[in-house]
Amino acid sequence: MSGLERINPEELSPATGFSHAVVASGGRLVFLAGQTALDGAGKVVGTTLPQQFERALANLLAALAGAGGSPADLARVTVYAVDVPGYRDCAPELGRIWRRLAGREYPAMAVVGVVRLWDEEALVELDGLAVLP
């Protein structure tokens, strides 16, 4: 595992599904491009936010694995959502998807509302930064 320390100060709101800060020491940085719910043929799959989130996260983790990393190496993930209220409504299910695919070591995260993504059918995109040993 990389040298990542997750920081969640008591004076901040409880960190549920993310870390307030992640300190990286040593290792190699891996910058992960934005991933949507594209399949191997470049077609968006899934019609619901949870379906697309699962595929986008799996794609992000596949890119990370290709660089020699694992979910625990993620230091930062940004989620771009075309429907932030819908994202909030789905948060419990999205959290279950995250834990199943990536575990309970949460990176620093942000959710950003966007008007649309590159592929018009895409509802969510994830990019990230990882630190490998």
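The structure we're discussing is the one just above.
Residues numbered from 1 in each chain as written. Predicted model: local features only at pLDDT ≥ 70, side-chain atom pairs only at ≥ 80, totals over all residues. Heavy atoms only, no water.

(A) Summary view of the side chain of Glu 125. Along the polypeptide, Glu 125 turns up in strand E6 (residues 124–132). Arg 116 is the oppositely charged side chain nearest to the buried, salt-bridge-free Glu 125, at an N-O distance of 9.4 Å. In contact with Glu 125, not counting residues within four places along its chain, are Gly 34, Gln 35, Thr 36, Thr 78, Val 79, Tyr 80 and Leu 117. (Helix = DSSP H or I, 4+ residues; strand = E, 2+ residues; numbered from the N terminus. Buried < 20%, exposed > 50% of the residue type's maximum accessible area, 1.4 Å probe, protein only. Lys, Arg positive; Asp, Glu negative; His and termini not counted. Salt bridge = Lys/Arg side-chain N within 4 Å of Asp/Glu carboxyl O. Contact = heavy atoms within 4.5 Å.)

(B) Structural context of the sheet that holds strand E5 (residues 108–113). What the 4 strands build is an open sheet, ordered E3-E6-E4-E5; its pairing is mixed. Pairing within the sheet leaves two strands with one partner each, and these edge strands are strand E3 (28–35) and E5. For this sheet, the mean inter-axis angle between neighbouring strands, taken without regard to orientation, is 10 degrees. With 6 bridges connecting them, E3 and E6 associate as antiparallel partners. Along E6, the bridge assignment pairs Leu 29 with Val 131. Along the sheet, helix H1 (residues 49–66) contacts E3, strand E4 (74–81) and E6; its crossing angle with E6, the most-contacted strand, is approximately 30 degrees. Its contacts with the sheet place helix H2 (residues 84–102) against E4 and E5, and it is angled at close to 140 degrees to E4. (Pairing = 2+ DSSP bridges. Axes fitted to C-alpha atoms, helices over the stretch in contact; angles between N-to-C directions.)

(C) Spotlight on the packing of H1 against H2. It is at 9 Å that the axes of H1 and H2 come closest, and there the two elements cross at 40 degrees. When the axis of H1 is compared with that of H2, the two are oblique. As H1 runs across H2, the sense of the crossing is right-handed. Listed contacts from H2 to Leu 49, Pro 50, Phe 53, Glu 54, Leu 57, Ala 58 and Leu 61 of H1 are Gly 86, Tyr 87, Cys 90, Glu 93, Leu 94, Ile 97, Trp 98, Arg 100, Leu 101 and Ala 102. Considered class by class, the residues forming the contact of H1 with H2 number 13 nonpolar, 1 polar and 3 charged. (Parallel < 35°, antiparallel > 145°, perpendicular 65-115°, else oblique. Left-handed = near helix turned anticlockwise from the far one by under 90°. Nonpolar A, V, L, I, M, F, W, Y, C, P; charged D, E, K, R; others polar.)

Worth remembering: the numbers are spatial, not functional.
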